[in-house]
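Topology and contacts: notes
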Amino acid sequence: MKKFKIIIKTKSKKYPIIIGKNILNKTGILINKKIPNCRKIALIVDNKVPKKIILQVKNSIKSFDIFFIKLKTNEKIKNFNVVNKLINNLLKNNFNRNDCLISLGGGVLGDISGLTASLVKRGIKFINIPTTLLSQVDSSVGGKTGVNSRYGKNLIGSFYQPEMVISDISTLNSLPKREIVCGYAEILKHSLILDKKFFFWLQKNGKEILNLSKNIIIQKAIYKSCKIKARIVEKDEEEKDLRMILNFGHTFGHAFEATTNFSKKINHGESVLLGMLCAIEFAFKKNILKNKELNLIKKHYQVLNLPNRLKKYFAKKDVKKIVTFMKSDKKNRGSNIKLILIRSIGKTIKSKNYRVSVIRNYLNSKLF
């Protein structure tokens with residue numbers, strides 16, 4: 001099957017994203033080409049990754065000195081204690097700047113691993129092998145790393161670009177449907193903020209993506225999604241301006257996750273899907289988005305049975321906590337809440353600040 005390749009060019013680094021099926025057995029060859037002086041590899045693995053996939057990667061890199069670390073991953077392990085243990089492990093084994101850390105797993109593991117790689121001796125080599133749809137279309141692109149704190153999600157982190165990203169769609173077959181929906185959230189987001197044609201393509205192909213029924217459709221969805229994010233990241237690597245549009249739906253979404261204390265009640269993608277729906281409804285109420293566009297998006301949610309009812313997850317008593325977490329979002333300046341909104345499918349407006357009372361009133365109306 002055809003492989004797709006995207007070259008990301010930022011101010012700090014140029015690196016490839018390779019998308020294909022059954023390509024993990026090429027990992028060692030790719031490392032030898034990209035990092036010829038690499039001798040040691042720390043392979044950090046998500047405990048949810050099937051043994052078959054782990055063995056493929058291990059066999060591919062067996063000519064290197066391998067240090068194997070497995071982590072039981074969830075949002076609650078995204079903290080400095082875990083990062084500190086990983087750093088000490090690498091320092092104990094005398095990793096240097098030519099050596100490499102590989103993340104084999106989802107976005108949580110990629111965030112932790114990327115931050116660890118950026119801090120050890122001010123930066124060792126980092127390779128991301130995302131194994132979930134969410135991480136293949138989102139967190140693997142752009143170099144964001146981070147951990148959570150009691151004040152909110154991803155408030156501590158750095159920008160650190162990998163040497164390469166290897167996205168093998170065969171890893172998706174082991175995922176539950178809920179995880180595929182989680183990844184679809186970011187694919188849909190990319191279409192809503194920058195590419196109306198892609199949105200219409202998703203209307204035709206969304207079911208095939210969610211059911212993993214056509215490999216070429218899945219590869220194209222990942223490729224198109226990564227291309228959109230790459231366009232943004234290349235222009236604004238450190239989120240000073242344009243890159244903020246990638247937070248569409250996330251100001252609400254991150255607050256939803258934090259309000260449930262990152263429990264299994266709602267995952268990241270479900271939070272983002274609800275967050276985007278809140279953002280488009282809020283934009284409609286503020287006469288920014290037209291009713292026709294709002295209904296197009298809502299219909300897409302309904303046809304694909306995507307999460308669309310805030311009341312399923314929250315009650316009115318949760319509004320105060322949601323708003324508190326929204327206030328601590330890293331994009332905010334001052335006491336207001338900054339929102340990324342769209343004026344039509346594929347077009348955002350310049351981010352606006354809204355009073356806390358306005359956001360609170362909107363959420364209260366949703367949960368009345």
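Throughout, residues of each chain are indexed from 1 in the direction in which the sequence is written. Only residues with pLDDT of 70 or above have their local features reported here, since the model is predicted, and side-chain atom pairs are shown and tallied only from 80 upward, although totals for entire chains, interfaces and linings are computed over all residues. The side-chain values count all of the structure's non-hydrogen atoms but skip hydrogen atoms and water molecules.

1. Some words on the overall build of the protein chain
- A run of H or I in DSSP becomes a helix once it reaches four residues, and a run of E becomes a strand once it reaches two; helices and strands are each numbered from the N terminus. Helix and strand content of the protein chain: 13 helices and 13 strands.
- Here the globule rule reads 2.2 Å times residues to the power 0.38, and the radius of gyration is calculated from C-alpha atoms. Relative to the compact-globule value of 21 Å for 368 residues, the protein chain shows a C-alpha radius of gyration of 20 Å, a close match.
- Projected onto its principal axes, the C-alpha positions of the protein chain cover 60 × 40 × 35 Å.
- Relative accessible area decides the class of each residue, using a 1.4 Å probe on protein chains only: under 20% of the type maximum gives buried, over 50% gives exposed, and in between gives partly exposed. Counting the 368 residues in the protein chain, one finds 59% classified as buried.
- Only heavy atoms enter the contact rule, under which two residues are in contact if any of them lie within 4.5 Å. Relative to all contacts within the protein chain whose residues are 6 or more apart in sequence, the contacts with residues 24 or more apart total 74%.
- Note on areas: Shrake-Rupley with a 1.4 Å probe; residue coverage comes only from the protein chains shown. Taken as a whole, the protein chain presents about 16500 Å² of accessible surface, with 49% of it coming from carbon and sulfur.
- Charge counting follows a simple rule: Lys and Arg are positive, Asp and Glu are negative, and His as well as the terminal groups are ignored. A charge is said to be at NZ when it belongs to Lys, at CZ for Arg, at CG for Asp and at CD for Glu. Side chains of the protein chain give 74 positive and 24 negative charges; the mean places of these two sets differ by 2 Å.

2. A closer look at the pattern of salt bridges
- Salt bridge, as applied in this entry: a Lys or Arg side-chain nitrogen positioned within 4 Å of an Asp or Glu carboxyl oxygen. Counted under the stated rule, the structure contains eleven salt bridges.
- With a closest N to O distance of 2.9 Å, K153 and E257 form a salt bridge. Highlighted residues: K153 in strand 8 (residues 152-156) and E257 in helix 9 (residues 250-259), separated in sequence by 104 residues. Side by side, K153 and E257 carry an identical accessibility label, which is buried.
- K366 serves as the salt-bridge partner of E281, at 2.8 Å between the closest nitrogen and oxygen. Taken together, the residues E281 in helix 10 (residues 268-285) and K366 in helix 13 (residues 356-366) connect sequence positions 85 residues apart.
- Taken together, the shared-partner salt bridges in this structure form one network comprising E75, K153 and E257.

3. What about the nonpolar core?
- What we call a nonpolar core is a set of buried Ala, Val, Leu, Ile, Met, Phe, Trp, Tyr and Cys residues that are connected through their side-chain atoms within 4.5 Å. Among the nonpolar cores identified, the biggest contains 83 residues, and L188 and L363 are the most heavily contacted of them.
- The leading source of residues in this core is helix 10, at ten residues.
- Ignoring any residue separated from it by four or fewer positions in sequence, one finds L188 in contact with F199, L202, L273, M276, H300, Y301 and L306.
- A42, L71, F95 and L115 belong to the second-largest nonpolar core, a separate cluster that totals 23 residues.

4. So, the pairing of strand 8
- Examined bridge by bridge, strand 7 (residues 147-149) and strand 8 share two bridges and lie antiparallel to one another. Within strand 8, the position partnered with V147 by the bridge is I156. Strands pair, by our definition, only if DSSP identifies at least two bridges between them.

5. Topic: the sheet that holds strand 1 (residues 4-9)
- One open sheet accounts for seven strands, arranged 1-2-9-6-5-3-4; its pairing is mixed. The outermost strands of the open sheet, each flanked by one partner alone, are strand 1 and strand 4 (65-71). The mean inter-strand angle of the sheet, taken between neighbouring strand axes irrespective of direction, is 15°.
- Sheet topology places strand 2 (residues 14-20) next to strand 9 (residues 164-168); four bridges connect them, and they run parallel. The residue bridging I17 from the neighbouring strand is V165, located in strand 9.
- Of the strands in this sheet, strand 2, strand 3 (40-46), strand 5 (100-105), strand 6 (125-130) and strand 9 are in contact with helix 1 (residues 27-34), which crosses strand 9 at around 165°.
- Across the face of the sheet, helix 3 (residues 80-92) comes into contact with strand 3, strand 4 and strand 5 while running at roughly 165° to strand 4. All axes here are fitted lines through C-alpha atoms, helices being fitted over the stretch that makes contact, and every angle between N-to-C directions spans 0 to 180 degrees.

6. Focus: a positive patch on the surface
- Together, K3, K5, K9, K14, K26, K33 and K34 give the surface a local cluster of positive charge.
- Within the residue set of the positive patch, elements represented by two or more residues are strand 1 and helix 1. Residues enter a patch when their relative accessible area is above 30% and they make no salt bridge; the linking distance is 9 Å between like charges and 5 Å between nonpolar side chains (Val, Leu, Ile, Met, Phe, Trp, Tyr).

7. Notes on the layout of surface pockets
- A 1.4 Å probe that fits into a set of points on a 1 Å grid over the protein atoms alone but cannot get out defines a cavity; an open set with protein on both sides within 12 Å along at least five of seven lines defines a pocket, and lining residues are those with an atom within 4 Å of a point. Grid points are joined across faces, edges and corners, and a volume is the space filled by probe spheres set on the points. A volume near 290 Å³ is recorded for the second largest pocket.
- Lining the second largest pocket we find 13 residues, and of these K3, K5, I18, L30 and K33 sit closest to its centre.
- When contributions to the lining of the second largest pocket are tallied by element, the ones reaching two or more residues are strand 1, strand 2, helix 1 and strand 9.
- The element best represented in the lining of the second largest pocket is helix 1, accounting for four residues.

8. A closer look at helix 9
- Counting buried positions along helix 9 gives ten out of ten residues, so the element sits mostly inside the fold.
- Three or more residues of helix 9 are buried, namely H250, T251, F252, G253, H254, A255, F256, E257, A258 and T259.
- Looking at the buried side of helix 9, the elements it contacts are strand 8, helix 6 (177-194), helix 10, helix 12 (319-327), strand 10 (337-339) and helix 13.
- In the stretch just after helix 9, N261 is the one whose phi turns positive, near 55°.

9. Details of empty space enclosed by the protein
- On inspection of all chains with the given rule, the structure shows four cavities of 30 Å³ or more.
- Its volume calculated, the largest cavity comes out at about 100 Å³.
- Of all the secondary structure elements, the ones that give two or more residues to the lining of the largest cavity are strand 8 and helix 9.
- Split by residue class, the lining of the largest cavity holds five nonpolar, four polar and three charged.
- Taken as a whole, the second largest cavity encloses approximately 60 Å³ of empty space.
- Among the elements of the structure, helix 4 (107-119) and strand 6 are those that each provide at least two residues to the lining of the second largest cavity.
- Here the lining of the second largest cavity takes three residues from helix 4, the largest share from any one element.
- Three categories are distinguished: nonpolar for Ala, Val, Leu, Ile, Met, Phe, Trp, Tyr, Cys and Pro, charged for Asp, Glu, Lys and Arg, and polar for the others, with Gly belonging to the last. By residue class, the composition of the lining of the second largest cavity is three nonpolar, seven polar and two charged.

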